[in-house]
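Chain residues, written in single-letter form:
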Amino acid sequence: MGFKIRANPSNEQTLKNLVVLLAVPPDINGEDCRMSRKEGKWDELKRTISWVVPELEKGKALEFQAQFLNDTPERTPKFPVLVRCDYDQLFS
């Protein structure tokens, strides 16, 4: 699975201290995940992979990819993604 996050070019400031969190479904083995960004951390208890990004300048984008073995190919798993960051104003 893969996804991209992008800072809105009309933001006035750089996004700081981003945490990107990928929830892994219970029937998917997260321990054997291969990630495109090496700084990703697997948390077995929470069943999440998290990446910490120090900053993302306005208009810039980051891509994330994670490969999992799927033992149930008849079902397409869903991977919720959450992002949080520090920013002094409202943003989109």
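Our structure is the block above this text.
**Let's talk about the sheet that holds strand S7 (residues 81-86)**
Stage number 1. Strand order in this open sheet of four strands is S4-S5-S2-S7, and the pairing throughout is antiparallel. Bordering the open sheet on either side are strand S4 (41-43) and S7, each of which pairs with just one other strand. Across the sheet, the mean angle separating the axes of adjacent strands is 25 degrees when strand polarity is ignored.
Stage number 2. Here strand S2 (residues 15-23) runs beside strand S5 (residues 48-56); their pairing, made up of eight bridges, is antiparallel. Residue Leu21 lies in a different strand from S5, and its bridge partner there is Ser50.

**Focus on the packing of aromatic side chains**
Geometry of an aromatic ring pair is reported as the spacing of the ring centres plus the angle between the planes.
Stage number 1. Tallied over the entire structure, the rule returns four aromatic pairs.
Stage number 2. Relative to Phe79, the ring of Phe68 has its centre 5.0 Å away and its plane inclined at 20 degrees; by these criteria the two rings are stacked. In this pair, Phe68 sits in the loop between strand S6 (61-67) and S7 while Phe79 sits in the loop between S6 and S7, placing the two residues eleven residues apart along the sequence. Across the pair, exposure class does not vary: Phe68 and Phe79 are buried alike.
Stage number 3. Across the ring face of Phe64, the terminal group of Arg37 is positioned such that the distance to the ring centre comes to 5.1 Å.

What counts as what
- Residues numbered from 1 in each chain as written.
- Predicted model: local features only at pLDDT ≥ 70, side-chain atom pairs only at ≥ 80, totals over all residues.
- Heavy atoms only, no water.
- Pairing = 2+ DSSP bridges.
- Helix = DSSP H or I, 4+ residues; strand = E, 2+ residues; numbered from the N terminus.
- Axes fitted to C-alpha atoms, helices over the stretch in contact; angles between N-to-C directions.
- Phe/Tyr/Trp six-rings, centres within 6.5 Å; stacked < 30°, edge-to-face > 60°.
- Buried < 20%, exposed > 50% of the residue type's maximum accessible area, 1.4 Å probe, protein only.
- Lys NZ or Arg CZ within 6 Å of the ring centre and 35° of its normal.

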